[in-house]
Amino acid sequence: MQFNKFIPTSLAAALLVSACSEDRSNPPPVTLPEPQPTALSLPAQQLESPWFSDGRATVEAAREQVINNTPGAAKNIILFVGDGMGISTVTAARILAGQQQGMSGEEYQLSFEKMPFAGLIKTYNTNQQTPDSAGTATAMMAGVKTKAGVLNVAEDVPRGDCAASQQRPLVTALELAESLGKSTGVVSTARLTHATPAATYAKVPERGWESDDGLSNDAKAGGCVDIAAQMVALAAGDGIDVAMGGGRRHFLPESVTDLEGKTGRRQDGRNLVQEWQQRYGDGVTNAVYVEDQAGFDGIDVAATDKLLGLFESSHMRYEADRGNDIAGEPSLSQMTGKAVELLEKDEDGYFLMVESGRIDHGHHAGSAYNALNDAVEFAEAIQVAMDATSAEDTLIIVTADHSHVLTIAGYPTRGNPILGKVVGNDSHGEPESAPATAEDGLPFTTLSYANGRGFADLGSETDADVRYGLPVDAGRQDLTAVDTTAPGFHQEALVPLESETHAGEDVGIWARGPGAHLLSGTNEQSYIFHVMARSGGLLAD
Ligand SMILES: [Zn+2]
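Residues numbered from 1 in each chain as written. Predicted model: local features only at pLDDT ≥ 70, side-chain atom pairs only at ≥ 80, totals over all residues. Heavy atoms only, no water.

- The protein chain has the name Alkaline phosphatase in an unreviewed UniProt entry, where Microbulbifer aggregans is given as its organism.
- What the UniProt record of the protein chain gives under Sequence similarities (unreviewed entry) is the line "Belongs to the alkaline phosphatase family." (UniProt positions renumbered as here; feature names shortened; annotations may be inferred.)

Here it is in structure tokens:
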């Protein structure tokens with residue numbers, strides 16, 4: 001369907017019809033207002049501005065946008081979740097990405113910002129105004145909101161209650177896709193057992209049950225199973241076809257030391273990597289397990305039916321820190337490209353969830369540098385998927401599970417480094433020669449946090465988590481001699497907290513492909529599932 005190009009005419013007709021139907025007894029003739037003369041003619045400085053011509057061209061392009069309302073038209077669905085990628089993070093990442101390419105930055109567009117449809121999503125959990133990632137991921141994956149901290153169990157299940165959780169599980173979009181014979185995949189830079197990836201397959205009343213060491217004896221006695229064990233035993237269809245991320249420790253027993261020198265966490269002695277290989281490595285299916293960059297690079301797509309990649313004991317590295325990995329690990333965009341290559345072999349289509357898990361972790365540690373560089377890599381991964389798929393049959397959705405308390409503040413001049421101190425404009429609108437000072441006489445950065453551990457100057461350190469080993473240092477600092485654009489700079493924070501927190505405002509959602517237009521407007525997070533289900537034909541009507 002195309003947008004009606006003659007809305008004024010049809011609107012007038014509609015007005016006539018409704019006017020006639022309101023009064024049937026000898027109605028007076030309808031008098032329409034005289035056509036107005038065309039609008040004021042515009043001066044050259046307006047018509048010839050690139051802002052003006054770009055705006056007109058963008059309207060024309062938007063009018064050509066195809067809307068596909070056919071249920072089931074989305075043979076493939078890719079859901080991209082930027083964990084903690086609030087609106088301010090998107091804006092700052094856009095500016096950073098543009099500045100990394102030599103532009104002033106504000107005008108740059110991240111890959112997903114070129115998608116034709118966008119909207120807003122309300123992220124609260126059923127019991128929290130500002131949400132956690134387990135409840136939000138459940139909303140997206142199962143189509144119902146639930147409590148903070150629980151995965152794919154109904155909202156009336158008390159957190160940590162094994163027995164109640166067994167009575168009230170929810171079915172996920174990934175399971176529905178599996179049951180229809182589609183291929184499925186999960187990719188994350190966090191542990192595959194962490195809240196967002198776990199929400200594609202696991203049902204637990206406590207997100208901390210990543211391996212059996214996290215469960216109480218009562219929970220174990222009650223028959224509850226940890227998240228990693230649920231992943232390798234997933235019953236829907238033939239189980240997950242492609243899984244890549246971190247979290248090796250939750251799949252390995254305490255007795256096993258991995259290739260990067262870290263021991264497993266499992267107390268039940270089970271080696272879930274071996275169990276996964278035994279489940280699928282039956283001589284018919286070719287199941288491939290990889291755990292480093294070399295293994296990843298060696299994947300033979302044509303000869304691989306099932307792929308499990310566990311590249312780190314805990315979370316994978318921040319993108320800016322990836323070069324420091326011991327065994328080497330792929331980037332999110334590399335993993336995304338490989339996942340699409342593997343999944344698109346299935347002519348029944350696929351469901352893929354890709355999470356950039358560490359935007360969130362960078363923010364929690366008060367490091368805009370790490371959060372934004374991971375967001376830029378996330379945009380790269382989305383570009384890879386956009387290039388590898390067609391908007392005719394693939395619905396790509398990009399969103400965040402929740403926001404963070406990052407602010408973009410002050411009046412920095414155009415093109416001011418987004419990680420820099422605020423340099424304002426003078427009375428002629430030209431950049432000042434030195435950073436602005438606040439009422440306390442000190443300079444300040446464009447980016448800061450409302451709460452968290454606060455300032456640290458760790459120089460060239462590219463791992464934001466090092467910040468946790470140093471004291472909380474909230475409030476104002478003298479940044480005069482500090483390079484705030486350095487990887488190891490941690491922004492000032494107002495309220496001292498052990499860790500910076502999530503934020504409660506809406507997040508953005510961007511979409512391309514069949515059903516993408518349904519995500520326009522302001523919607524509940526659980527609505528995302530229903531767009532995927534309808535557009536992908538995941539539910540019987
Ligand atoms: Zn978080």
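## With respect to the state of the cysteines
Phase 1 of the analysis: For the structure on display, the rule yields one disulfide.
Phase 2 of the analysis: The residue that forms a disulfide with C162 is C224, at a sulfur-sulfur distance of 2.2 Å. Because the sign of the S-S torsion sets the handedness, a value of about 110 degrees for the bond joining C162 and C224 places this disulfide among the right-handed ones. With C162 in helix α6 (residues 162-167) and C224 in the loop between α9 (217-221) and α10 (227-232), this residue pair connects regions lying 62 residues apart in the sequence. Comparing C162 with C224, the two get one shared label, buried. (Disulfide = S-S within 2.5 Å. Helix = DSSP H or I, 4+ residues; strand = E, 2+ residues; numbered from the N terminus. Buried < 20%, exposed > 50% of the residue type's maximum accessible area, 1.4 Å probe, protein only.)

## Some thoughts on the UniProt feature "binding site: Zn(2+)" (unreviewed entry) in the protein chain
Phase 1 of the analysis: The feature "binding site: Zn(2+)" (unreviewed entry), as given by UniProt, occupies D83, D360, H364, D401, H402 and H502 in the numbering adopted here.
Phase 2 of the analysis: Turning to its location among the elements, H364 is positioned in helix α14 (residues 358-364).
Phase 3 of the analysis: Not counting residues within four places of it along the chain, the set of residues in contact with H364 comprises H404, Y468, S499, E500, T501 and H502.
Phase 4 of the analysis: Mapped onto the secondary structure, H502 falls in strand β15 (residues 502-503).
Phase 5 of the analysis: For H502, a relative accessible area of 15% corresponds to the buried category.
Phase 6 of the analysis: Setting aside residues up to four positions removed in sequence, H502 forms contacts with T130, P131, D132, S133, D360, H364, H402, S403, H404 and V405.
Phase 7 of the analysis: A polar contact is formed between the side chain of H502 and the side chain of H364, at a distance of 3.1 Å. (Contact = heavy atoms within 4.5 Å. Polar contact = N/O pair within 3.5 Å; in protein donor to acceptor, adjacent residues only side chain to side chain.)

## Overview of the nonpolar core
Phase 1 of the analysis: F80, F112 and V398 are the most contacted members of the largest nonpolar core, which has 120 residues in total.
Phase 2 of the analysis: Ranked by the residues each element gives to this core, the list is headed by helix α15 (residues 368-388), at twelve residues.
Phase 3 of the analysis: Here this core gathers at least three residues from each of two domains, domain 1 (72-405 + 507-536) and domain 2 (409-500).
Phase 4 of the analysis: Leaving out residues up to four positions away in the same chain, F80 has contacts with T336, V354, F378, A381, I382, A385, I396, I397, V398 and T399. (Core = buried A, V, L, I, M, F, W, Y, C linked by side-chain atoms within 4.5 Å. Domains from an automatic or database assignment.)

## Observations concerning the coordination of the zinc ion
Phase 1 of the analysis: Those protein atoms acting as donors to the zinc ion are D360 (OD), D360 (OD), H364 (NE2) and H502 (NE2), and they sit at 2.1 to 2.3 Å.
Phase 2 of the analysis: For the zinc ion, the donor residues sit on a single chain with the sequence spacing D-x3-H-x137-H. One end of the pair, H364, is in helix α14; the other, H502, is in strand β15, and 138 residues separate them in sequence. (Donors = N, O, S within 2.8 Å, 3.2 Å for Na, K, Ca; no water.)

## Things to note about the packing of aromatic side chains
Phase 1 of the analysis: For the structure on display, the rule yields five aromatic pairs.
Phase 2 of the analysis: Considering the side-chain rings of F112 and W510, the 4.9 Å spacing of their centres and the 65 degrees angle between planes classify their relative orientation as edge-to-face. A residue pair is termed long-range when its members are at least 10 positions apart, and F112 in the loop between α4 (87-100) and β2 (117-122) and W510 in strand β16 (residues 507-512) qualify at 398 residues.
Phase 3 of the analysis: With a relative accessible area of 0%, F112 lands in the buried category.
Phase 4 of the analysis: On the numbers, 6.2 Å between centres and 75 degrees between planes, the contact of F296 with F311 is edge-to-face. (Phe/Tyr/Trp six-rings, centres within 6.5 Å; stacked < 30°, edge-to-face > 60°.)

## With respect to the sheet that holds strand β1 (residues 76-82)
Two orientations exist for strands paired in a sheet by backbone hydrogen bonds: parallel and antiparallel.
Phase 1 of the analysis: In space, the ten strands of this open sheet follow the order β5-β6-β4-β3-β7-β1-β8-β16-β2-β17, with mixed pairing throughout. On the outer flanks of this sheet lie β5 (287-290) and β17 (521-524), each paired with one strand and no other. On average, adjacent strands in this sheet sit at an angle of 15 degrees to one another, irrespective of strand direction.
Phase 2 of the analysis: The pairing of strand β3 (residues 183-191) with strand β7 (residues 350-356) spans six bridges and is classified as parallel. The partner of V186 across the bridge, within β7, is M353.
Phase 3 of the analysis: Running over the sheet, α15 touches β1, β7, β8 (394-400) and β16 and is turned about 170 degrees from β1. (Pairing = 2+ DSSP bridges. Axes fitted to C-alpha atoms, helices over the stretch in contact; angles between N-to-C directions.)

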